[in-house]
Amino acid sequence: MALIVQKYGGTSVADLDRIRNVAARIKRAVDAGDRVAVVVSAMAGTTNQLVAWVHGLDPANYDPAEYDQVVSTGEPITIGLVAIALQSLGVPARSFLGWQAGIRTDGAHGKARIVAIEPQAVQACLEKGKVAVVAGFQGIGPDGRVTTLGRGGSDTSAVALAAALRAERCDIYTDVDGVYTTDPRIVAKAKKLDRITYEEMLEMASVGAKVLETRSVALAMQHRVRVQVLSSFEDRPGTLVVDEDEIVESQIVSGIAYSRNEARITVQQVEDRPGVAAAVFGPLAEANINVDMIVQSVSRDGRFANITFTVSKADLPRAEAVLARVKERIGFERLVADPNVVKVSVIGVGMRSHAGIAHKMFQTLADKGINIQAISTSEIKISVLIADEYTELALRALHSAYGLDAA
Ligand code: ADP
Ligand code: ASP
Ligand code: MG
């Protein structure tokens, strides 16, 4: 008898038929003798709607605790519905909100981190032979208020619960049958991977491959949780996330990801002197706004610089407001913001030992006439920022150039 955590994403619980399908799948595991804890997301589209309502009232200065109050309300619906669907199949089940499942987080509303899980209530439920259906994406902060973990955070809830329960496996059921070399919805020739290393999956997730949320992969890596990504609509083995030594044949580039999550800001004509970068990025850090790519270019006479960087699209209105407030102090001429950009990244552990990967990326994009607005790299990843109208073209061209196309 194994203890398994199963997680179902928004499209898998998008309507009552799909919820019945999920319940039937859970029943099969129960009938096979497994104990099952289930984590579910809100119905597809629900969380977007909730976020839009908050932004509709106040795009920049809303109270983050109230934001969480609103956006955490999608999952409570689906846990109840899944529990009812299970009960009507004769499977004993009960639902748990984040706090009822003992999911404790820090107080960073909107992007809270799980600090501990006290799983006794869920364990007691499982020991009684019931399925525990837990709300993903939410927890309880130090002040007793509901928190959310950031978009896509149900994956993290599932992996954290699997670690706390010492589950044998964490199965992430979604609308694709595994992790592909790139988003199969954009590149038809994308190939499904049987296995991917934690490290590559972490990097892919962190640059936008939303099939797994970044923190869920980091947690899985840290706690050695066996994660499998698979389809809730088909019966096929999915992709296993494993250690590097479990990979038989490794590729130099294993995947390509993109993120439409970023927005570009250029601070034009700042004086090129020590301390300006600190003056620009200090107030953003204080406002808890993360900055990703950064490029600085200096004018021909060396007196002025343009500082270009990216923030998440959600933070753009706040970032603009923060910089407008310190305009006088920094002394820049103009602030230009562009949300119509995409970050495209190639990932592979083979980059550590092979040269020319970046050159191939730049050349491939140049051949298609695509301009690169910013670049950033890590040991196993190269990212470029381009205009978002070229997303599909760039992904397809790079996928072919690195020899990843399915035959
Ligand atoms: P869920 O609601 O189940 O959490 P998500 O929409 O968050 O599902 O993630 C699944 C989606 O991730 C897929 O529909 C696919 O479009 C996208 N995706 C992006 N990159 C990849 C990739 N490399 N492999 C598989 N899916 C990917
Ligand atoms: N419902 C949340 C979201 O849409 C969490 C998740 O789906 O993982 O971001
Ligand atoms: Mg998701």
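Look up a bit, the structure's there.
The structure contained in this document is the topic of the report that follows. Please read all numbers here as calculations on a predicted model, not as lab measurements.

## A short note on the packing of aromatic side chains
For the coordinates displayed, the defined rule picks out 3 aromatic pairs. Taking the centre distance of 4.8 Å and the plane angle of 10° together, the rings of Tyr8 and Tyr173 count as stacked. Here Tyr173 lies in strand β9 (residues 169–174) and Tyr8 lies in strand β1 (residues 3–8), a separation of 165 residues in the sequence. The same class applies to Tyr8 and to Tyr173, which are both buried. Their ring planes at 75° and their centres at 5.0 Å tell us that Phe281 and Phe309 sit as a pair that is edge-to-face. Taken together, the positions of Phe281 in helix α9 (residues 276–286) and Phe309 in strand β16 (residues 304–312) put the pair 28 residues apart, joining distant regions of the chain. Of the two residues examined, Phe281 and Phe309, each falls in the buried class.

## Things to note about the site of ligand 2
What surrounds ligand 2 is the set Ser41, Ala42, Thr47, Glu75, Phe137, Arg151, Gly152, Gly153 and Ser154. Side-chain polar atom of Thr47 to a nitrogen atom of ligand 2: 2.8 Å apart, as the coordinates give it. Between a nitrogen atom of ligand 2 and a side-chain N or O atom of Glu75, the distance comes to 2.7 Å. Counted by class, the shell around ligand 2 contains 2 nonpolar, 5 polar and 2 charged residues.

## Description of helix α13 (residues 391–401)
Those residues of α13 not exposed but buried are Thr391, Ala394, Leu395, Ala397, Leu398 and His399. Along its buried surface, α13 packs onto β13 (255–259), β18 (341–347), α12 (357–367) and β20 (381–387). A positive phi of about 70° marks Gly403, the residue just after α13.

## Remarks on the site of ligand 1
In the vicinity of ligand 1, 17 residues are found, and the nearest of them are Thr174, Asp175, Tyr180, Asp183 and Arg185. Note that an oxygen atom of ligand 1 is positioned 2.8 Å from one of the side-chain N or O atoms of Asp175. Residue Lys210 places a side-chain N or O atom 3.2 Å away from an oxygen atom belonging to ligand 1. Coverage of ligand 1 by the protein amounts to 88% of the 580 Å² it exposes when considered alone. Here the residues of the shell around ligand 1 are counted per class, giving 7 nonpolar, 5 polar and 5 charged.

## Some points on the sheet that holds strand β12 (residues 239–242)
Spatially, the 8 strands line up as an open sheet ordered β3-β6-β2-β1-β9-β11-β12-β10, and their pairing is mixed. Every other strand in the sheet has two partners, leaving β3 (93–96) and β10 (195–197) as the edge strands with one partner each. This sheet shows a mean twist of 20° between the axes of neighbouring strands, independent of strand direction. As defined by bridge partners, β3 adjoins strand β6 (residues 131–135) across 4 bridges and the pair is classed as parallel. Bridge pairing in β6 links Ala93 to Val131. The strands touched by helix α5 (residues 120–127) within the sheet are β1, β2 (35–40), β3 and β6, with β6 carrying the most contacts at an inclination of about 150°.

## Regarding the pairing of strand β11 (residues 227–231)
Of all 5 residues in β11, 5 are buried; the element is thus mostly enclosed. The two faces of β11 match: Val227, Val229 and Ser231 on one face and Gln228 and Leu230 on the other face are all buried. Sheet analysis places β9 next to β11, joined by 5 bridges and oriented parallel. Note that in β11 the partner of Cys170 across the bridge is Val227.

## What about the packing of helix α7 (residues 198–206) against helix α8 (residues 214–223)?
As a packed pair, α7 and α8 sit with axes 8 Å apart at the nearest point and diverge in direction by 160°. Looking at the two axes, α7 sits roughly antiparallel to α8. The element α7 and its partner α8 pack so that their crossing is left-handed. Residues Tyr198, Glu199, Met201, Leu202, Ala205 and Ser206 of α7 touch α8, and the partners they reach there are Thr214, Val217, Ala218, Ala220 and Met221.

About the thresholds
- Residues numbered from 1 in each chain as written.
- Chains lettered and ligands numbered in written order.
- Predicted model: local features only at pLDDT ≥ 70, side-chain atom pairs only at ≥ 80, totals over all residues.
- Heavy atoms only, no water.
- Phe/Tyr/Trp six-rings, centres within 6.5 Å; stacked < 30°, edge-to-face > 60°.
- Helix = DSSP H or I, 4+ residues; strand = E, 2+ residues; numbered from the N terminus.
- Buried < 20%, exposed > 50% of the residue type's maximum accessible area, 1.4 Å probe, protein only.
- Near = heavy atom within 4 Å.
- Polar contact = N/O pair within 3.5 Å; in protein donor to acceptor, adjacent residues only side chain to side chain.
- Nonpolar A, V, L, I, M, F, W, Y, C, P; charged D, E, K, R; others polar.
- Contact = heavy atoms within 4.5 Å.
- Areas by Shrake-Rupley, 256 points an atom, 1.4 Å probe, with all protein chains shown as cover.
- Pairing = 2+ DSSP bridges.
- Axes fitted to C-alpha atoms, helices over the stretch in contact; angles between N-to-C directions.
- Parallel < 35°, antiparallel > 145°, perpendicular 65-115°, else oblique.
- Left-handed = near helix turned anticlockwise from the far one by under 90°.

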